[in-house]
Structure formats: structure tokens, C-alpha cells
Amino acid sequence: MKISDIKIFVTCPGRNFVTVKVITDNGLFGLGDATLNGREMAVVAYLQEHVAPCLIGKDAHAIEDIWQYLYKGVYWRKGAVNMAAIAGIDMALWDIKGKVAGLPVYQLLGGKSRKSVGLYAHASGDDIADTLLKAEALMAQGFKAIRLQSAVPGLKVTYGVLGDKENYYELQGNRPLPPEEDWSTPKYFNMVVELFKQAREKLGNDVQLLHDVHSRLTPIESARLGKLLEPYNLLFLEDASIAENQDSYKTIRQHTTTPLAIGETYNTIWDCKDLIQNQLIDYIRTAATHAGGITSLKRIADFAGIYNVKTAPHGAPDLSPICFAAHMHLNAWAPNFGIQEFVGFGTQEAQQIFTHDIQVKDGAAFVSDKPGLGVDFNEDAAALYPYKRSYLPVSRLEDGTLWNW
Ligand code: GCO
Ligand code: MG
């Protein structure tokens, strides 16, 4: 079974998605997600010009060899563009192997370790009261774990908190240049501790609570936040600080028992090797789309398991349902699965393009039993929504200093 063609699609049903379709000479195809938010066309060009020509004629079953060929073989290892391209191909090849075997991908990974996959939903409000109302609505829908975010009083905009007036979360398709948002750590501290204090008062102690700092704090500030939030018992505090220097998490770890999560921007196991090996984190959030596909996520999960680190894959709206499906198979299998982020399956238009039978009930998701990944891609529907250049915002301190994400 040889690879006979590779097609790349870019579609913007509310936001941009890059989809890889690998076609074989026996008439099968597999799908992968290679979306890199804000840099989508770099991956498209990389796949079309530099990856696809090398793979035509190769054995579509040789997933590991193709992964190594694209990783080691290019000389330029790692990198967001390279690893998203590898991810798109890798997912598509797992999809094909499952279709040939007549088995869902989780069976190829080793079978199910659990009946369903626990999810956490997002409550993001204009103020604390609004966030808690949204959290209550999610609890009423059956969610047992909720990420709480709230606008920071005194800042013009808070990332990821657009209220009900705008499309949920960050806008896409209408940001032809990066918007700029301001940031103030003191103002944030005033809000965030109060948010969790009121959350426990209003929501009780049974619901799991989470929070994403989007890397805005220094390690010692993160240590302080972790300590201040200890009474409110978070499931995890996400992306408290940047960890390019992985050792810096020792500072946070030494000061707080609040569990720590990181990894959604990581491209390889090397980005989190020290964090995991030194047990500086509790959850690793690498995404199949950004960290080299199912093949590398399986490796990261197994490595993390040795050190009591659980998986909590990224599930933001900039990952397509193909990535979500890949995560579902990994989550069903991984013995050290923790929790899956979940923000729905996108706009109505996106749901016409990407179709699947993943069920969500009472805060848990049920993996597809269809052969392969279990997602279909409607090319005609996708063609109705062409690519629109769009960016994530950049963050600046109030004095204009460019700040961390
Ligand atoms: C999350 C992420 C998102 C990212 C987005 C950027 O935890 O869901 O942090 O909020 O900002 O995926 O592309
Ligand atoms: Mg995050």
C-alpha cells in the first residue's frame, strides 16, 4: 500500500484549519490536522513544497519510519512548522492503518483503559459574577471540571474573555494584523484570587476547578499565585510561567502544592523532558497537531507515566476536530490520562465540514468505534470558506513592554 497523493486543504469556517489528506494506491485515504494558529500558510507551503514530494511512493504502513524520515532526515529538527506538518501526515497514516485493520485507532495503541474520557469546559466571563453564572450553567449540563477565566478590571481587554457580544474566545478571520492587548500582573492578582474564593463559595467543593495564566507571570509570581490558590484546591494551574528554561519551574514547585500543567505550545518531548523527569509538573498538555502527531504523543505519554505526570491534551478552538479525534483515541488508551480540554466542535459551518460520531454526555466524551480516527472531511463544504489571514494578539505591559503569552 503506497502513498499515491497528498492534498492540503485550508478552510476558514470561523477560523482557519489546515487539513492533510494522504491517499493510497489501493483507494484509501487518511486525514490529519496541521493547523498552526496565525502561521497556517507556512505549514501549507512546507507540506506542499518540501514534504509531499518526498512521500509519494512510500509504504503508507511505515508510520514510524516516515516520522523519523521527516524528523531526523531533514537535518532541521523540531520547530512549530515542521512538527505541525509531521503531525498532519502522522495522523493521516494512523487513520489509514486503522481503516486497513478495520479497527479504531485506540485499538492499535493498545485498547481502552477507560469507558469514557473526562472533559473540562470553559467559563470565561466579563466579571467574576458572569464567570460563575457560566460555570453554573456548565455544571447544570453535567460538566464536573471547569476552567475559570475572568476579565481583569482596569485592563481594556483580557485575552480569551470576549463576553457574549463576540464570537467565543479569540476572534479569527477578521484579524488581518495582530491586535495588541495590555497586561498588568498586579491588577490580575487582585482579580484572580477573589475569583476562586467566590467560586468555592458559590459552586461548592465537588466541582474541579482549573485556571490558565497564559504564561503572564514570572516563576516567583507563579509560586505566589499557586500558594494563594491552595485553599481553593485547583485540579491544575496552567501555563503559569514560560518554561523555556525548564529548571525555572523548580522555583514554583518548591513553594506550592497547587498542581501545575504546561505544554500546549511544545513541539517535541525535548521541550518537556526536564519538567517531566524532575517531576516539576503534574499534567502535560501537548497536542497531537503541534507536537508531531499520535506517534510522538504516545511517546510523551509513556515517558510522563514513569514520573506520575498525567496527560491533559490541549483542546482549544484552533485545533480541528481531527486533532480532537486523535486525542480521543490517545485518551481512551493512555494509562496515565488525566483530563481533556473541551470547547465544543466549532461553528455550525465547521461541523458541516468535519463530521464524526464523538458523543459528549455528563462532562465526558465517548471515542468513535469507527475504523481509523472516525472523522470525515467534506471538501465541497470546506471550499465555501476560504483562508483568511488572521493572528493571535500580542501582549504588552501598560508601559508598552512586549510581554509573554
Ligand atoms: C487553551 C489555550 C488557548 C490558546 C490558543 C492559542 O488552554 O485553550 O491556552 O487559550 O490561547 O490555543 O492558539
Ligand atoms: Mg492554555
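Residues numbered from 1 in each chain as written. Chains lettered and ligands numbered in written order. Predicted model: local features only at pLDDT ≥ 70, side-chain atom pairs only at ≥ 80, totals over all residues. Heavy atoms only, no water.

**Some points on the pattern of salt bridges**
Scanning all chains against the criterion turns up 19 salt bridges. Of the charged contacts in the structure, one is a salt bridge between Glu379 and Lys21, with a shortest N-O distance of 2.6 Å. Of this pair, Glu379 sits in helix H13 (residues 379–383) while Lys21 sits in strand S2 (residues 17–24), and the two are 358 residues apart along the sequence. The class for Lys21 is buried, based on a relative accessible area of 14%. For Lys99, the salt bridge identified is with Asp95, shortest N-O distance 3.5 Å. With a gap of four residues between them, Lys99 and Asp95 both fall in helix H3 (residues 80–101), about one helical turn apart. In this structure Lys99 comes out as partly exposed when scored by relative accessible area, which is 24%. On the basis of relative accessibility, which here comes to 0%, the residue Asp95 falls in the buried class. Look at the salt bridges and you will find they share partners, linking Arg147, Asp212, Glu238, Glu264, Arg285 and Glu341 into a network. (Salt bridge = Lys/Arg side-chain N within 4 Å of Asp/Glu carboxyl O. Helix = DSSP H or I, 4+ residues; strand = E, 2+ residues; numbered from the N terminus. Buried < 20%, exposed > 50% of the residue type's maximum accessible area, 1.4 Å probe, protein only.)

**What to know about the coordination of the magnesium ion (ligand 2)**
On the protein side, the magnesium ion (ligand 2) has Asp212 (OD), Glu238 (OE) and Glu264 (OE) as donor atoms, found 1.9 to 2.2 Å from it. In primary-sequence terms, the residues that donate to the magnesium ion (ligand 2) follow D-x25-E-x25-E. In this pair, Asp212 is assigned in strand S7 (residues 208–212) and Glu264 in the loop between strand S9 (260–262) and helix H9 (273–277), connecting sequence segments 52 residues apart. No difference in accessibility class separates Asp212 from Glu264, as the two residues are buried. (Donors = N, O, S within 2.8 Å, 3.2 Å for Na, K, Ca; no water.)

**Things to note about the nonpolar core**
Counting residues in hydrophobic clusters, the biggest one holds 116 residues, and the most contacted among them are Ile89, Leu148, Tyr188, Leu225 and Tyr249. Both of domain 1 (3–103) and domain 2 (108–370) provide at least three residues apiece to this core. Sequence-distant contacts of Tyr249, defined by excluding residues within four places in its chain, comprise Asp239, Ala240, Ser241, Ile242, Ala243, Leu260, Ile262, Leu275, Leu280 and Ile281. Of all hydrophobic cores here, the second largest spans nine residues; its members include Ala145, Leu235, Ala261 and Ala312. (Core = buried A, V, L, I, M, F, W, Y, C linked by side-chain atoms within 4.5 Å. Domains from an automatic or database assignment. Contact = heavy atoms within 4.5 Å.)

**Quick look at the environment of Asp380**
Its place among the elements puts Asp380 in helix H13. Judged by its relative accessible area of 65%, Asp380 falls in the exposed class. Residues Asp380 and Ile353, spaced 27 residues apart in sequence, show a C-alpha to C-alpha distance of 8.2 Å.

**Focus: the packing of aromatic side chains**
Counting across every chain of the model gives 15 aromatic pairs. Between the aromatic rings of Tyr159 and Trp405, the centroid separation amounts to 4.6 Å while the plane-to-plane angle is 80°, which identifies the pairing as edge-to-face. Taken as a pair, Tyr159 in the loop between strand S5 (145–150) and strand S6 (180–183) and Trp405 in the segment after strand S18 (402–403) lie far apart in primary sequence, 246 residues in all. What makes Tyr159 buried here is its relative accessible area of 10%. Under the relative-accessibility criterion, Trp405 is labelled partly exposed at 31%. For the ring pair Trp183 and Tyr188, a centre distance of 5.0 Å and an interplane angle of 45° mean the geometry is tilted. Accessibility assignment for this pair places Trp183 and Tyr188 in one class, buried. Among the aromatic residues, ring-to-ring pairing joins Phe9, Phe17, Phe354 and Phe377 into one connected group. The lysine or arginine in question, Arg299, covers the ring of Trp67, its NZ or CZ lying 4.8 Å from the ring centre. (Phe/Tyr/Trp six-rings, centres within 6.5 Å; stacked < 30°, edge-to-face > 60°. Lys NZ or Arg CZ within 6 Å of the ring centre and 35° of its normal.)

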